[in-house]
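Understanding the architecture of this molecule
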Amino acid sequence: MQAVSPSHNLYSSSIIYPSKPRRLNHLTRLPIRCVYRYDSVQFPNGVGSSRADWQSSCAILSSKVSSQDQGSGDKSILPSNSDHLAAAVNGHKTSVDLNLVPIDKNNKPQPPAQKPLTITDLSPAPMHGSQLRVAYQGVPGAYSEAAAGKAYPNCEAIPCDQFEVAFQAVELWIADRAVLPVENSLGGSIHRNYDLLLRHRLHIVGEVQLPVHHCLLALPGVRKEYLTRVISHPQALSQCEHTLTKLGLNVTREAVDDTAGAAEYIAANNLRDTAAIASARAAELYGLQILADGIQDDSSNVTRFVMLAREPIIPRTDRPFKTSIVFAHDKGTSVLFKVLSAFAFRNISLTKIESRPHRNRPIRLVDDANVGTAKHFEYMFYVDFEASMADVRAQNALAEVQEFTSFLRVLGSYPMDMTPWCPSRGDEQSL
Ligand SMILES: O=C(O)C(=O)C[C@]1(C(=O)O)C=C[C@@H](O)C=C1
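My aim in this report is to walk through the structure given alongside it, one point at a time. Model, not experiment: these values are computed from the prediction.

**Description of the packing of aromatic side chains**
Throughout the structure, instances matching the rule amount to four aromatic pairs. Note on F327 and F381: the rings are 5.6 Å apart at their centroids and 35° apart in plane angle, and the pair reads as tilted. Taken as a pair, F327 in strand 14 (residues 321–328) and F381 in strand 18 (residues 379–385) lie far apart in primary sequence, 54 residues in all. F381 shares its class with F327; the two are buried. Members of the aromatic cluster, each reached through a chain of ring pairs, are F327, Y379 and F381. The cationic tip of R310 hangs over the ring face of W173; the distance from NZ or CZ to the ring centre is 3.8 Å.

Listed below in structure tokens is the structure:
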């Protein structure tokens, strides 16, 4: 990979790195310094208070992520506590039996030692000095990194190679927050993250909307005519689809994990026939030139990210809040109208509705002796609505929704991003 000087580029961002950030992946062993740092952390349920517990929790990052059932049949409408933290990730227990009861020398179980609360037990995250550690998917220069900086100025951004690793980094206390894209104004929903929100027990504690301004990047000296391939994150490729065609490039399009990773790959492999779609900051970081600027199909291209934490925030009514829920019903889409009317009757606006396959029970068979068997697809429905869980209207609406559903979970109630509209840099397109 082409050498990149860490000093020439990092100052432009409000994100502070301790040194060149190391990307977390499933094979990542926790650096020793982190093991020491967490030695004193008390996990809920007394879990992970020893180094051995912590290391075994971290070892989960070394195992391949395995998929797990959607939902747990949880019918609670209040955000649940993260009492499973470190005890299990994706339902898989750590190698330590965390339910072990101490046994005395006469073989009698001992009651767990009561430890008085200290002031540090009461202080909120972060637990790592003053700097908040924020996990994101991608490498430095990715839009997710910029979103982390917008959500938490001066945070320490932690790159992760997959969305799921960012979830796990928070669950395992490696990070305090994760910032993940959920939808883009051109490309639509990032379905993977909807599925992961359900599979994991993190809480949505905020949202940020980031104007996304794409550039076409190549090695210095490369001209558009030399290009045979354009690589980027699938969302970025789809956001630039028409513009790429208009540019008249005779190229194949290939998907990679993230936009900045595409730029890094070109630099690392000295690829003179390949361009990346990524940010201007990625060009700077990986020593690429900008062949075309503002190549997104719509200049007001925006991606919405959510911030995730182990604990929910306390909902308020003194500023605009949004609440995100997910629900399902045995009778599938037939209850959808009733559920949505619970909001309509209370004048609560919905800002987003998304459906995903119900992985536990993807098909419902309905037999009709005369005609045959209908096969209905089953869904999980995700709804965002404009009200705080502290608002009685929202509480009543959810009480009603609960009657119509077999599964309901509040993913979070959080302040809406109300930052003034700031279109993507240079609405003018310099193609
Ligand atoms: O690849 C990146 O830079 C990302 O941060 C990911 C991502 C996405 O998943 O949608 C984020 C914002 C842009 O919409 C394009 C890509």
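**Describing the pattern of salt bridges**
Close approach of charged atoms lets side chains of opposite charge pair. Evaluation of the coordinates by the stated rule reveals 17 salt bridges. Each of E183, E207, R304, K322, K352, E354 and D384 takes part in one network of salt bridges that share partners.

**Structural notes on the site of the ligand**
Taken together, 13 residues lie near the ligand, and Y143, S144, Q239, T259 and T303 sit nearest. The separation between an oxygen atom of the ligand and a polar side-chain atom of Q239 is 2.9 Å. Here T259 contributes a side-chain N or O atom positioned 2.4 Å from an oxygen atom of the ligand. Considered on its own, the ligand offers 360 Å² of accessible surface; in the complex 100% of this is hidden by protein.

**A look at the sheet that holds strand 9 (residues 229–232)**
Here five strands make up an open sheet; going across it, the order is 10-9-11-8-12 and the pairing mixed. Since the sheet does not close on itself, it has two edges, and those belong to strand 10 (252–255) and strand 12 (289–293), each with one partner. Ignoring which end each strand starts from, the neighbouring axes of this sheet average 30° apart. Strand direction decides the pairing type here: strand 9 and strand 10, joined by four bridges, are parallel. In the sheet register, V230 faces strand 10, and the bridge partner there is R253. Seen against the sheet, helix 9 (residues 259–269) touches strand 8 (215–218), strand 9 and strand 11 (274–278) and runs at an angle of roughly 150° to strand 11.

Criteria and cut-off values
Residues numbered from 1 in each chain as written. Predicted model: local features only at pLDDT ≥ 70, side-chain atom pairs only at ≥ 80, totals over all residues. Heavy atoms only, no water. Phe/Tyr/Trp six-rings, centres within 6.5 Å; stacked < 30°, edge-to-face > 60°. Helix = DSSP H or I, 4+ residues; strand = E, 2+ residues; numbered from the N terminus. Buried < 20%, exposed > 50% of the residue type's maximum accessible area, 1.4 Å probe, protein only. Lys NZ or Arg CZ within 6 Å of the ring centre and 35° of its normal. Salt bridge = Lys/Arg side-chain N within 4 Å of Asp/Glu carboxyl O. Near = heavy atom within 4 Å. Polar contact = N/O pair within 3.5 Å; in protein donor to acceptor, adjacent residues only side chain to side chain. Areas by Shrake-Rupley, 256 points an atom, 1.4 Å probe, with all protein chains shown as cover. Pairing = 2+ DSSP bridges. Axes fitted to C-alpha atoms, helices over the stretch in contact; angles between N-to-C directions. Contact = heavy atoms within 4.5 Å.

On their own, these measurements won't tell you what the molecule is for.
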